[in-house]
Amino acid sequence: MNSKNCNKTTPDTHKKGSSSSLISADIAIIGGGVVGCAVARKMALEGASVVLIEKAPDILDGASKGNSAILHTGFDAPVDSLEQKCVQNGYDEYIKIHESLNLPLLKTSALVAAWSKEEEDRFPDIFKKGVNNGVKDLCLLSRKEILNLEPSLANHIRSAILVPKEYVIDPWSAPFAYLKQALENGGQALFNAEVTKGRFDGTNWYLNTKQGEVQAGYVINCAGLYGDILDKNVLGSTQFQIKPRKGQFVVFDKAARKLLSSIILPVPTERTKGIVLFPTIFGNIVVGPTAEEQESRSNASVDKKTLTLLVEQAIEKLPALAKMPITATYAGIRPATEKKHYRVIHNHDKNWITLGGIRSTGLTGALGLACHVHDLLLQQGSDFKKLETPVTTTVPNLAEHLPRDWAREGYEEIICHCEMVTKREITAAMKGCLPAGSIDGLKRRTRATMGRCQGFYCSARLAELTKEKFTNTIGVGELDD
Amino acid sequence: MINPLKYDNCDVAIIGSGPAGLAAAIALKKQGVNRVLVLERESEAGGIPRHCGHPPFGVLEHARVMTGPSYAKKNIRTAQNAGVDMALKTSVTALGVKGELSIASPLGTGTIQAKRVLIATGVRETPRSARLISGSRLLGISTTGALQSMVYLKNLIPFRNPVVVGTEIVSFSALFTCKKAGIHPVAMLEEKPKPSIMQPLQKAAHLFGVPLFLNTQIINIIGKDRVEAVKVADIEGNIRKIDCDGVLFTGLFTPESSLVSMSHLKLDHNTKSPVIDEFNRCSDLAYYAAGNLLQPLNIAGNCWRQGRKTASFIAKDLKENAHVNLGK
């Protein structure tokens, strides 16, 4: 957690290159979602100077804030696709690095569950796809074997394909760790810095951001839900169109965790992976996501009718959920496009790479995409010198199955009782090289108010601790105003 | 401050220092029980009344009308005088078989073996999410409990012109808090055709100049970072937009029974309270329960009385079964 090597970006102190530029770097990464954070990490470790530019006050403000937190093997990805390659490489990379960064891994395995004959009929295709994708450990489970493994599942289940290495991770601490490592190895980050315009002089990009100009040799567009707009506004044209697809989720109380140990996947259709029932790394059970096309790229609202349907579907598969309270509801927006595959476009002439259309598999695929970007830049002739001894520091653990901060004495007090968040954790999350930039960012870093009471007990104390720390605070004023 | 990690020979451990927990602790001491330890996870004892800055508290217990905070202080003093031990900032993390409690405190983690345990963890309001309310996740969405602790303990306000949802006793209390804090609710909504509390609330709503909409529910919460408006629909399907900067969800109390639901104790899944016998004893005979955990939103005085009554059961149990060692 020590961040002595960490370059916190203070715009005034990083002037090099063009005198009018606020920051100059080899690579500018636009967008602080999981993909942008992973690319920043990879390229910083490869020896490039990087700057990550984010329009929100903190990372993970768009598509990356609401997903299903699954580390995919890629068994059902399109065969021989870039997506499949990135998911597989990303999976391997996460397994390789997670311990050194203190990132959690919950080895749940997944069941592709068939509840009807029609669904069972699709199993041979899934097996075949799995084998073609190099995932060779899939196996068929009978109803009896499933119920042995998951006794709480409804007994009208027919059969399932076991995917042994499909796991669950922390969707927020992972990208946080990636960007943090980039910053600790010389990278920089700019927040509240929407990129509005830019020009390319044949060698360098000059990007106009709301914080000032950034000069960079290459630009990696990781703008997610705004990827097409960024291409259009800065590069001048785009080859795809974002079709925002909303997914709603319902989170059940931690008491439900004992009902399920695996991820329950539906038999996928052409369009979507469908509605999943899964344990979270934080100790809850979640059902979701829906797949709803919408115009808005930012409106992640939930609606009662859909949530009620989700709850009903969850209960149909896991009947004991009917007795379980609901802790939270949320929605995420996936940056889908008019086509299904990843939209990775390399504009050689303009030193610009767009990583577009990265949907549900992005959490796993991000680390793979980062390697892919590195490959593309090598092809283009870049010759960064890989860091010999990169700095690697850990991030705080929030996973329920591993020791949390409260288990270590000296934490002063528990602020959020439902999620057992300590004052020490909250104080630390507001400091360091990548401090929380908003209340939401603080919640994602600590889990404060994310539990069953949703702030009934702790929001007052949290309001006090975060007073004047963020632009938008819990309190809007004092009593004597 | 008591170090809970070094507390030996505990006769009764009480989880929670609200009215029920403290009343039980005091009564146990008065009935000659030796080692009574109250475990409170907050840095101050007293429970919910600490942040109810308005009367009437204490009428039944102390024969006078008090505000919540002075009532809480009075309870704490009485407990201290009676010889009750109190461990603050001490969280019970798990209820073990036969009264073995796992605890966490800034001093470290460990276990306490108590001969009997009283669970008095109280009650909380149902938040927006568990009500499956439509709309965005925004700043400015709160519950009465959160509002009152902000106003009375931290001198902060989460909004200036909220919509208030619910018409229970606590909703009435929320209007008082708003008035004290200079918050002006723009509307009060009730899903049902009648308010849960009839006369006084309707009058209070009028008194505070807050229009009351019956048969009306929120169908959308709108805003960018903070609440900017809500859309509401009445029973005939008429939709209207109300500009506001917050939504205050009041009432729909649910027992704070998470420790029970995560434990070996039986939980009544309808009421979300632990299953108890006629002596307020749980399915593991080392455990008892009292207060709002059993019947949401008893007023403090009732919780107090129930705590005291349960203490008598526990004291009798300890006396009669002193030779029966439930612990390990």
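Remember, predicted model here, so these are calculated numbers, not experimental data.

What counts, and at which threshold
- Here the residue numbers are simple positions, counted from 1 along each chain's written sequence.
- Each chain takes a letter, starting from A, and each ligand takes a number, starting from 1, following the order in which they are written.
- At least 70 in pLDDT is required for a residue's local features to be given in this predicted model, at least 80 for side-chain atom pairs to be given and counted, and no such filter applies to totals for whole chains, interfaces and linings, which use all residues.
- Just so you know, side-chain values use all the structure's heavy atoms and leave hydrogens and water out.
- Note on conventions: DSSP H or I runs of at least 4 residues are helices, E runs of at least 2 residues are strands, and numbering of each starts at the N terminus.
- In this scheme, a residue with accessible area under 20% of its type's maximum is buried, one over 50% is exposed, and one in between is partly exposed, where area comes from a 1.4 Å probe on protein chains only.
- What makes two residues a contact is simply this: any of their non-hydrogen atoms within 4.5 Å.
- Per-residue and other accessible areas were derived by the Shrake-Rupley procedure at a 1.4 Å probe size, with only the shown protein chains allowed to occlude residues.
- Charge counting follows a simple rule: Lys and Arg are positive, Asp and Glu are negative, and His as well as the terminal groups are ignored.
- Each charge is placed at NZ for Lys, CZ for Arg, CG for Asp and CD for Glu.
- What we call a nonpolar core is a set of buried Ala, Val, Leu, Ile, Met, Phe, Trp, Tyr and Cys residues that are connected through their side-chain atoms within 4.5 Å.
- Here the bounds of each domain stem from an automatic or database domain assignment.
- Each of two parts loses accessible area, computed with a 1.4 Å probe, when they are put together; buried area is these two losses added.
- Just to be clear on terms, a salt bridge is a Lys or Arg side-chain nitrogen sitting within 4 Å of an Asp or Glu carboxyl oxygen.
- Side-chain atoms alone can form a polar contact between residues adjacent in sequence; in general such a contact is a pair of N or O atoms within 3.5 Å, and within protein one must be able to donate a hydrogen while the other accepts it.
- Gly is put with the polar residues, along with every residue not named as nonpolar or charged; the nonpolar set is Ala, Val, Leu, Ile, Met, Phe, Trp, Tyr, Cys and Pro, and the charged set is Asp, Glu, Lys and Arg.
- At least two bridges found by DSSP between two strands is the condition for calling them paired.
- Every axis corresponds to a line fitted to the C-alpha atoms, with the helix fit spanning only the stretch in contact, and the corresponding angles, defined between N-to-C directions, vary from 0 to 180 degrees.
- Any helix carries an expected span of 1.5 Å times its number of residues minus one.
- Bend, at a single residue, is the angle you get between axes fitted to the 7 residues ending at that residue and the 7 residues starting at it.

Chemist: Even after reading the chapter, I still don't get the overall build of chain B, so can you show me in this structure?
Modeler: Each helix and strand counted, chain B has 8 helices and 20 strands in total. Along the longest, intermediate and shortest principal axes, the C-alpha atoms of chain B span 70 × 40 × 40 Å. A burial count over chain B gives 57% of its 328 residues as buried. Taking the contacts inside chain B whose residues are at least 6 apart along the sequence as the reference set, 63% of them involve residues at least 24 apart. Accessible surface, chain B: about 13,600 Å² in total, of which carbon and sulfur atoms supply 52%. Charge centroids of chain B, computed over 39 positive and 25 negative side chains, lie 5 Å from each other.

Chemist: Would you mind going over the nonpolar core with me for this structure?
Modeler: Looking at soluble globular proteins, one finds that nonpolar side chains tend to be buried together. Formed by 82 residues in total, the largest nonpolar core has its most connected members in Val39, Tyr178 and Leu179 of chain A. Discounting residues that sit within four places of it in the chain, Tyr178 of chain A has contacts with Val34, Cys37, Ala38, Arg41, Tyr94, Ile97, Leu103 and Leu367 of chain A.

Chemist: Mind showing me how you'd approach the domain arrangement of chain A here?
Modeler: Often, the extent of an interface is quoted as the loss of accessible area on bringing the components together. Residue and element names in this part refer to chain A. The domain architecture assigned to chain A consists of domain 1 (3-65 + 172-241 + 339-379), domain 2 (110-164 + 243-334) and domain 3 (405-479). Each of domain 2 and domain 3 has a C-alpha centre, and these two points are 31 Å apart. Here domain 2 meets domain 3 over a buried area of about 490 Å², counting both sides, of which 42% is carbon and sulfur. Summed over the three residues of domain 2 that lose the most area to domain 3, namely Lys254, Phe282 and Thr327, the buried surface amounts to 71% of that side. Linking domain 2 to domain 3 there are 2 salt bridges. Glu419 is the salt-bridge partner of Lys254, the closest N and O atoms lying 2.9 Å from each other. The interface formed by domain 2 and domain 3 holds 3 residue pairs in polar contact (both at pLDDT 80 or more) in total. Residues of the side of domain 2 that touches domain 3, tallied by class, amount to 3 nonpolar, 2 polar and 2 charged.

Chemist: Looking at this structure, how should I read the sheet that holds strand β12 (residues 212-213) of chain B?
Modeler: Sheet strands pair via backbone hydrogen bonds, and the direction of the pair is either parallel or antiparallel. Residue and element names in this part refer to chain B. Strand order across the open sheet formed by 5 strands is β8-β16-β10-β11-β12, with parallel pairing between neighbours. Of all strands in the sheet, those with a lone pairing partner are β8 (141-143) and β12, marking the two edges. In this fold helix α4 (residues 144-154) packs onto β8 and β16 (246-249), with an angle of close to 90° to the strand it touches most, β8.

Chemist: Could you clarify how one ought to interpret the interface of chain B and chain A in this entry?
Modeler: Contacts between chain B and chain A engage 52 residues on the former and 52 residues on the latter. In this assembly, chain B packs against chain A so that about 4,400 Å² is buried in total across both faces, 56% of it on carbon and sulfur atoms. Broken down residue by residue, the surface that chain B buries against chain A is led by Leu132, Arg137 and Leu156 of chain B, which jointly contribute 14%. The tally of links between chain B and chain A comes to 1 salt bridge. With a shortest N-O distance of 3.1 Å, Glu464 of chain A and Lys154 of chain B are connected by a salt bridge. At the junction of chain B with chain A, the criterion picks out 20 residue pairs in polar contact (both at pLDDT 80 or more). Secondary-structure elements contributing two or more residues to the side of chain B that touches chain A are β4 (91-95), β5 (100-105), β6 (108-119), β7 (123-125), α4, β9 (156-157) and α7 (258-261) of chain B.

Chemist: Could you clarify how one ought to interpret the pattern of salt bridges in this entry?
Modeler: When their charged atoms lie close together, side chains carrying opposite charge are able to pair. For the structure shown, the criterion picks out 32 salt bridges over all chains. Where Glu46 of chain A meets Lys386 of chain A, a salt bridge forms, and the shortest distance between an N and an O atom there is 3.3 Å. Highlighted residues: Glu46 of chain A in the loop between α1 (34-45) and β2 (50-53) and Lys386 of chain A in the loop between α9 (362-379) and β20 (414-416), separated in sequence by 340 residues. Judged by relative accessible area, which is 53%, Lys386 of chain A ranks as exposed. Note that Lys115 of chain B is salt-bridged to Asp11 of chain B, the shortest N-O span being 2.8 Å. Highlighted residues: Lys115 of chain B in strand β6 and Asp11 of chain B in strand β1 (residues 10-15), separated in sequence by 104 residues. Taking relative accessible area as the criterion, Lys115 of chain B reaches 40% and is therefore assigned partly exposed. Overlapping salt bridges, with partners in common, bring together Lys254, Glu400, Glu419 and Arg447 of chain A in one network.

Chemist: Please explain the pairing of strand β13 (residues 263-266) of chain A as it appears in this structure.
Modeler: Two faces, one strand: in a regular strand the side chains alternate between the faces of the sheet. Residues and elements named next belong to chain A. Where burial is concerned, the two faces of β13 agree: the one with Ile263 and Leu265 and the one with Ile264 and Pro266 are both buried. Across 4 bridges, the pairing between strand β4 (residues 110-114) and β13 is parallel. Across the sheet, residue Ala113 finds its bridge partner in β13, namely Pro266.

Chemist: Explain α9 of chain A to me, please; I cannot follow it from the model alone.
Modeler: Residue and element names in this part refer to chain A. Over its 18 residues, α9 runs 24 Å from end to end, which matches the ideal 26 Å to within 8%, given 1.5 Å per residue. The principal kink in α9, of about 30°, is found at Gly368. Backbone geometry just downstream of α9 places Gly381 in the positive-phi region, at approximately 100°.

Chemist: Is there a simple way to think about the sheet that holds strand β14 (residues 227-234) of chain B in this case?
Modeler: Residue and element names in this part refer to chain B. Pairing within the open sheet is antiparallel, and its 3 strands lie in the order β13-β14-β15. Only two strands of the sheet have a single neighbouring strand rather than two, namely β13 (216-223) and β15 (239-243). The average angle at which neighbouring strand axes cross in this sheet is 25°, direction not considered. Strand direction decides the pairing type here: β14 and β15, joined by 5 bridges, are antiparallel. The residue of β15 that forms the bridge with Ala229 is Asp243.

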